[in-house]
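Single-letter residue listing:
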Amino acid sequence: QEKWLSFVDYLFTAIFSVELLCRIAAQEWLFLIGKDRMWNVLDLFLVGLAFCGFGLEAFNMDLKMVRLLRLMRMLRTFRLIRLLGCSSFFRNLRLMLLAVIESSVPLLWAFLILSFLIFMFAVIFQEAVASYTVRAPSDDQFVSHMELFFNSMPMTMLTLFMAISGGVSWWEVCQLLLEVHTGYCCLFVLYISVMFLAVLNVITGTFVNEAVEVAHKDRDLRSQSEAARQRTSLRQLQQLFAEIDKTGTGSIRLVEFEESLLREDVRAMLFNLDLDVSDTAMFFKLLDVEGTQKVDIEEFVMGCMRIKGMAKVVDVDTL
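This structure is a prediction, so every number in the text was calculated from the model and none was measured. (Residues numbered from 1 in each chain as written. Predicted model: local features only at pLDDT ≥ 70, side-chain atom pairs only at ≥ 80, totals over all residues. Heavy atoms only, no water.)

*Asks:* Quick question: what am I supposed to make of the packing of aromatic side chains here?
*Replies:* Two descriptors summarise a pair of aromatic rings, namely the distance from one centre to the other and the angle between the planes of the rings. For the structure on display, the rule yields 8 aromatic pairs. With 5.5 Å between their ring centres and 55° between their planes, Phe241 and Phe300 make a pair best called tilted. One end of the pair, Phe241, is in helix H11 (residues 219–244); the other, Phe300, is in helix H15 (residues 297–318), with 59 residues separating them in the sequence. Note on Phe300: relative accessible area 0%, which makes it buried. Seen in terms of ring centroids, Phe257 and Phe284 are 6.1 Å apart; in terms of plane orientation they differ by 40°. Their pairing is tilted. Taken as a pair, Phe257 in helix H12 (residues 254–260) and Phe284 in helix H14 (residues 280–287) lie far apart in primary sequence, 27 residues in all. (Phe/Tyr/Trp six-rings, centres within 6.5 Å; stacked < 30°, edge-to-face > 60°. Helix = DSSP H or I, 4+ residues; strand = E, 2+ residues; numbered from the N terminus. Buried < 20%, exposed > 50% of the residue type's maximum accessible area, 1.4 Å probe, protein only.)

*Asks:* I would appreciate a short explanation of the pattern of salt bridges in the present structure.
*Replies:* In a structure, side chains of opposite charge can pair up when their charged atoms sit close to one another. In this structure the tally under the stated criterion is 4 salt bridges. Residues Asp265 and Arg263 are paired through a salt bridge, measuring 3.0 Å at the closest nitrogen-oxygen approach. Classification of Asp265 as partly exposed rests on a relative accessible area of 36%. Between Glu264 and Arg267 there is a salt bridge; the shortest N-O distance is 2.5 Å. Separated by 3 residues within a single helix, Glu264 and Arg267 lie in helix H13 (residues 264–272), roughly one turn from each other. For Arg267, a relative accessible area of 37% puts it in the partly exposed group. Through salt bridges with shared partners, one network takes in Glu243, Arg263 and Asp265. (Salt bridge = Lys/Arg side-chain N within 4 Å of Asp/Glu carboxyl O.)

*Asks:* Any chance you could explain the UniProt feature "transmembrane region" (unreviewed entry) in the protein here in plain terms?
*Replies:* Within the UniProt annotation, "transmembrane region" (unreviewed entry) is assigned to residues 7–26, 38–59, 80–101, 107–128, 148–168 and 188–212. Taken end to end, residues 7–26 comprises 100% helix and 0% strand; its first and last C-alpha atoms sit 29 Å apart. (UniProt positions renumbered as here; feature names shortened; annotations may be inferred.)

*Asks:* Help me understand the confidence of the model for the protein, please; the structure alone is not making it clear to me.
*Replies:* Averaged over all residues, the pLDDT of the protein equals 78, while 79% of them reach at least 70. Considering each helix and strand of the protein separately, the mean pLDDT is smallest for helix H4 (residues 63–72), with a value of 58, and largest for helix H8 (residues 153–165), with 92. Within the model, pLDDT remains below 50 along residues 312–319, and this stretch shows 1 contact once partners closer than five positions in the same chain are excluded. (pLDDT = per-residue confidence, 0-100. Contact = heavy atoms within 4.5 Å.)

*Asks:* Would you mind going over the UniProt feature "domain: EF-hand" (unreviewed entry) in the protein with me for this structure?
*Replies:* Here, UniProt's "domain: EF-hand" (unreviewed entry) annotation points to residues 232–267 and 275–310. For residues 232–267, the helix share is 67%, the strand share is 8%, and the end-to-end C-alpha distance is 18 Å.

*Asks:* I tried to follow the packing of helix H7 (residues 141–150) against H8 on my own but got confused; where do I start?
*Replies:* Two numbers describe how H7 lies on H8: the axes approach to 7 Å, and their chain directions differ by 90°. With respect to each other, H7 and H8 are oriented roughly perpendicular. Residues Leu148, Phe149 and Phe150 of H7 touch H8, and the partners they reach there are Met155, Thr156 and Thr159. Across the contact of H7 with H8, the residue classes tally to 4 nonpolar, 2 polar and no charged. (Axes fitted to C-alpha atoms, helices over the stretch in contact; angles between N-to-C directions. Parallel < 35°, antiparallel > 145°, perpendicular 65-115°, else oblique. Nonpolar A, V, L, I, M, F, W, Y, C, P; charged D, E, K, R; others polar.)

*Asks:* Looking at this structure, I do not really get the environment of Ser193. What am I missing?
*Replies:* Looking at where Ser193 falls in the secondary structure, it is placed in helix H10 (residues 182–217). Classification of Ser193 as partly exposed rests on a relative accessible area of 30%. Through-space distance from the C-alpha of Ser193 to that of Ile164 is 9.6 Å; in sequence the pair is 29 residues apart. From its side chain, Ser193 meets the backbone oxygen of Val189 in a polar contact 2.9 Å long. (Polar contact = N/O pair within 3.5 Å; in protein donor to acceptor, adjacent residues only side chain to side chain.)

*Asks:* In this structure, what is going on with the nonpolar core? I would like to understand it.
*Replies:* Considering soluble globular proteins, one finds that nonpolar side chains tend to be buried as a cluster. One finds Phe125, Phe150, Leu160, Leu177, Phe188, Tyr191 and Met195 to be the most contacted residues of the largest nonpolar core, which totals 32 residues. If you list the elements that add at least two residues to this core, you get helix H6 (104–135), H7, H8, helix H9 (170–180) and H10. A total of 10 residues in this core trace back to one element, the largest contributor, which is H6. The contacts of Leu177, once residues within four sequence positions are left out, are Phe125, Val129, Phe150, Tyr184, Cys185 and Phe188. With 21 residues, the next largest nonpolar core counts Leu237, Ile252, Leu275 and Phe300 among its residues. (Core = buried A, V, L, I, M, F, W, Y, C linked by side-chain atoms within 4.5 Å.)

Dropping the structure here:
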């Protein structure tokens, strides 16, 4: 098994080395100064580590160092990050990663706000429970549970955090505070209400807003979204053409087009595609660029896409 793994290691190192040499030969100085220079340097570094490992292994050097070099070569897997910007398949993953990165500062502020609110309530509950346990008789069955949840300030804060995050049922904590005083139970219910209905929802909304802003700002995401919308529009236009061309001739005439507009489903599809057909004759004339008095599927699809683009330009000019 060890020989088999070594063979695979040698094979992949040889493939990576050949690929690296081909890129160096093709890019020349751009290999070190081009836009992908950081990735190229990483590849060069990792291939160098591979040969260093082979050298150490050949001379029976320290095996720990050899294993360390092999582990460092796993850094090559970070090249997969580049796929996030190249394929629409990873669009949602890219969006989530960017949203998490962009939300790091709001996350810090959210953590500080939560910590402050939890600390403020923890001080009140800690003092109340401490006073109760001092005055409680030795056979009080609730004291042991109170000492479990409120034995220190960090533990009290952890209890309050678990009460809003599912770590512990808030009713268990509420029962203990109810034994102390009804007012503390009401205060705890207020704490739960404020956290659930206000603070956590505001934090969630902030993160969602950050994700939306990231999607609008990122150029690759915008390009992928626009490409997805274009594909959807093309598919819908092809379906619309099939609905209009009931005879199956592969082309439609003005009479067929006017008759199809009497149908509710066709009008709904045109409305969803943001196509204004109030002037049917003019709309059909715009589609019939060759002037043959009939429109095939290619003319129909491309003409509708062109009209949609013209409408967007008019809207922008109007604004």
